[in-house]
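Here are the chains, one letter per residue:
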Amino acid sequence: MSQIALPLAAGQGAGPSRIVAGNANAGVIDAFAHAQAWPFRTAILLGPPRSGKSLLARWFVEQDAGDVVDDAEAADETALFHAWNRAQESGRPLLFVSNKSDWRVTLPDLGSRLGAALRLEIGAPDDAMLADLVALHAELRGLALDESAAAYLVPRMPRSHMGVERLVAAIDRLSLERKQAPTLSIWRDALDTISGS
């Protein structure tokens, strides 16, 4: 499993302490390594819900690669404009993270500057990354999945980060409710549950 460790203290945050690296975020990770070459040293990170945007941003900061404004679409636009100016003055890269792929700003000066920023986007995970995500979410829940689980689940599951999380949560819940280890019957029922069947 290809993962990036986050240097977090025990008990810090409720999220994963590792990022699964795969096809969906490889371009983002590569771009982080070359932040000094970003246009105006500024980038905007976009991606679907639960795709690891905030985790990647935290890793970016932990690597001392630059500064981050998470949930940028909810921030005061004047403050964002000042953050952009500070990045230009200091030469330190600045990453804006947005939960909206169509993020638009109303402040003209900020809009023109963000229009020149590098756009980074997390895509849909492929089969290999989905399998790694299943393993990670199962591990986070202390859920022991048979080695054949990913081979069965991946071709049948939703092709998204959130889909993986919901599926593993459903497997865990059904396993606890039935007081039995997660086997093929539970995998099938979990797939039915998240598909609305």
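What counts and what doesn't
- Residues numbered from 1 in each chain as written.
- Predicted model: local features only at pLDDT ≥ 70, side-chain atom pairs only at ≥ 80, totals over all residues.
- Heavy atoms only, no water.
- Buried < 20%, exposed > 50% of the residue type's maximum accessible area, 1.4 Å probe, protein only.
- Helix = DSSP H or I, 4+ residues; strand = E, 2+ residues; numbered from the N terminus.
- Pairing = 2+ DSSP bridges.
- Right-handed = clockwise from strand over helix to strand, strands pointing away.
- Salt bridge = Lys/Arg side-chain N within 4 Å of Asp/Glu carboxyl O.
- pLDDT = per-residue confidence, 0-100.
- Contact = heavy atoms within 4.5 Å.
- 1 Å grid on protein atoms, 1.4 Å probe; cavity = no way out; pocket = protein on both sides within 12 Å on 5 of 7 lines; lining within 4 Å.
- Points joined across faces, edges and corners; volume = space filled by probe spheres on them.
- Nonpolar A, V, L, I, M, F, W, Y, C, P; charged D, E, K, R; others polar.
- Axes fitted to C-alpha atoms, helices over the stretch in contact; angles between N-to-C directions.

1. A few points about the pairing of strand β5 (residues 94-97)
When a strand is regular, its side chains alternate between the sheet's two faces. Alternating residues of β5 divide into L94 and F96 and L95 and V97, and every residue in both groups is buried. In terms of strand pairing, strand β3 (residues 42-46) meets β5 through 4 bridges, oriented parallel. Bridge pairing links L45 to V97 in β5. Here strand β4 (residues 67-69) pairs with β5 via 3 bridges, running parallel. Among the inter-strand pairings, D67 is bridged to a residue of β5, identified as L94. Since β4 and β5 lie parallel, the crossover through helix α3 (residues 77-90) that links them has a hand, and here it is right-handed.

2. Here's the deal with the environment of S112
Inspection of the secondary structure assignment puts S112 in helix α4 (residues 108-115). For S112, a relative accessible area of 48% puts it in the partly exposed group.

3. Notes on the pattern of salt bridges
By the definition in use, this model includes 9 salt bridges. One network of salt bridges, with partners in common, ties together D64, D67 and R92.

4. Considerations on the confidence of the model for the protein
Looking at the protein as a whole, its pLDDT mean stands at 90, while 91% of the residues score no less than 70. Below a pLDDT of 50 lies the segment residues 6-14, which in the model reaches 12 contacts outside its immediate sequence neighbourhood of four places, other chains included.

5. Observations regarding the layout of surface pockets
Approximately 190 Å³ is the volume found for the second largest pocket. Along the walls of the second largest pocket sit I44, L46, S101, W103, R104, V105, G111, L114, G115, A117 and R119, which together make up its complete lining. Looking at the lining of the second largest pocket, the elements that each hand over two or more residues are β3 and α4. For the lining of the second largest pocket, the residue count by class is 6 nonpolar, 3 polar and 2 charged.

6. Here's the deal with the sheet that holds β4
Sheet architecture is open: 4 strands sit in the order β4-β5-β3-β6, paired in parallel fashion. A single partner strand is all that each edge strand has here, and the edge strands are β4 and β6 (118-121). Taking each pair of neighbouring strands and ignoring which way they run, the sheet shows an average axis angle of 25 degrees. Contacts from α3 reach β3, β4 and β5, with the element oriented near 155 degrees to β5.

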